[in-house]
Amino acid sequence: MIKRIASTALFVLGLMAFAQAQRIAYVDVTAVLESLPEYQKAQEQLDKVATAWRQEIAQEQDKVKGMYSKFQAEQVLLSEEMKKSREEEIMAKEKEVRELQRLRFGPEGGLFKKREELVKPIQDKVYGTIERFAQDKGYEFIFDKGSASGMLYADKKNDKTEEIKALLKKG
């Protein structure tokens with residue numbers, strides 16, 4: 001019985017020593033990214049591209065609405081064959097607009113690729129800086145405070161966001 005208590009106590013003490021030896025910190029990667037002028041510039045470029053593409057799609061949708069309105073107005077004067085032809089033309093145009101939306105804003109669309117091109121190098125730079133910081137300072141774990149990592153509590157003294165920003169400004 002005494003051996004069991006002693007071994008349990010030693011085990012608990014060992015766990016406590018191990019837990020105290022862990023160096024853990026967190027960084028708000030979103031805040032770091034948003035503090036970088038090159039990230040802000042990339043976001044502005046993405047916003048401009050997205051706005052232009054939305055306008056292009058809206059114009060195409062307006063064309064479809066115009067085709068449909070014209071069809072509705074002329075429908076009584078058209079033969080069945082002409083009605084069917086116009087309906088097919090309208091449906092084809094609608095399909096074309098949906099495809100354009102998918103190509104621009106879909107999961108593998110132009111906006112996603114543009115984001116990869118503009119933002120990924122900046123993210124890689126930030127993650128590389130965090131990795132060097134962790135190695136230089138002896139941290140074993142650094143969590144991203146801004147992501148859905150499941151962190152429920154973080155002591156402010158472990159927030160290294162400002163230090164990462166300062167390192168990135170130094171180059």
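Residues numbered from 1 in each chain as written. Predicted model: local features only at pLDDT ≥ 70, side-chain atom pairs only at ≥ 80, totals over all residues. Heavy atoms only, no water.

A. Looking closely at the overall build of the protein chain. Along its length, the protein chain carries six helices and two strands. What you see in the protein chain, going N to C, is helices and strands ordered as α-β-α-α-α-α-β-α. Looking at the 171 residues of the protein chain, the share that counts as buried comes to 25%. Taking as baseline every contact in the protein chain between residues at least 6 positions apart, the subset at least 24 positions apart corresponds to 80%. Accessible surface, the protein chain: about 12500 Å² in total, of which carbon and sulfur atoms supply 56%. (Helix = DSSP H or I, 4+ residues; strand = E, 2+ residues; numbered from the N terminus. Buried < 20%, exposed > 50% of the residue type's maximum accessible area, 1.4 Å probe, protein only. Contact = heavy atoms within 4.5 Å. Areas by Shrake-Rupley, 256 points an atom, 1.4 Å probe, with all protein chains shown as cover.)

B. How the structure looks around the pattern of salt bridges. Applying the stated criterion to the full structure yields twelve salt bridges. Put simply, Lys125 and Glu38 hold a salt bridge, and the shortest N to O gap is 3.0 Å. Within this pair, whereas Lys125 is found in helix α5 (residues 110-137), its partner Glu38 is found in helix α3 (residues 37-74), the two being separated by 87 residues in sequence. The class of Glu38 is partly exposed, set by a relative accessible area of 33%. One salt bridge in this structure joins Lys160 and Glu163, with 3.9 Å as the shortest N-O distance. (Salt bridge = Lys/Arg side-chain N within 4 Å of Asp/Glu carboxyl O.)

C. Focus on the packing of aromatic side chains. Evaluation of the coordinates by the stated rule reveals three aromatic pairs. Ring centres 6.3 Å apart and planes at 80° place the aromatic pair Trp53 and Phe105 in the edge-to-face group. One end of the pair, Trp53, is in helix α3; the other, Phe105, is in helix α4 (residues 80-105), with 52 residues separating them in the sequence. Residue Trp53 is classed as buried on the basis of its relative accessible area, which comes to 18%. With a centroid separation of 5.7 Å and an interplanar angle of 15°, the aromatic rings of Phe133 and Tyr139 are classed as stacked. Among the residues examined, Phe133 registers a relative accessible area of 4% and is labelled buried. Positioned above the aromatic ring of Tyr139 is the side chain of Arg23, whose terminal nitrogen or guanidinium carbon lies 4.3 Å from the ring centre. (Phe/Tyr/Trp six-rings, centres within 6.5 Å; stacked < 30°, edge-to-face > 60°. Lys NZ or Arg CZ within 6 Å of the ring centre and 35° of its normal.)

D. Structural context of α5. Over its 28 residues, α5 runs 40 Å from end to end, which matches the ideal 40 Å to within 8%, given 1.5 Å per residue. For α5, the principal kink sits at Val119 and spans about 40°; a proline, Pro121, occurs within the next four residues. Within α5 the residues assigned to the buried category are Leu111, Leu118, Val119, Ile122, Val126, Thr129, Ile130, Phe133 and Ala134. Those residues of α5 that are buried are in contact with β1 (24-27), α2 (29-34), α3, α4, β2 (141-144) and α6 (161-170). (Expected span 1.5 Å × (residues − 1). Bend = angle between axes of the 7 residues up to and from the residue.)

E. The nonpolar core, seen in detail. Counting residues in hydrophobic clusters, the biggest one holds 23 residues, and the most contacted among them are Val126 and Ile164. Elements that contribute at least two residues to this core include exactly β1, α2, α3, α5 and α6. The residues contacting Ile164, other than those within four sequence positions of it, are Val27, Val32, Thr129, Ile130 and Phe133. Ile57, Phe71, Ile90 and Leu100 belong to the second largest nonpolar core, which has seven residues in total. (Core = buried A, V, L, I, M, F, W, Y, C linked by side-chain atoms within 4.5 Å.)

F. Summary view of the side chain of Thr129. Take Thr129: it is sitting in helix α5. Within the structure, Thr129 has its side chain in polar contact with the backbone oxygen of Lys125 (distance 2.9 Å). Among the polar contacts listed, one links the side chain of Thr129 to the side chain of Arg132, at a separation of 3.3 Å. The contact partners of Thr129, leaving out residues within four places of it in the chain, are Ile164, Leu167 and Leu168. (Polar contact = N/O pair within 3.5 Å; in protein donor to acceptor, adjacent residues only side chain to side chain.)

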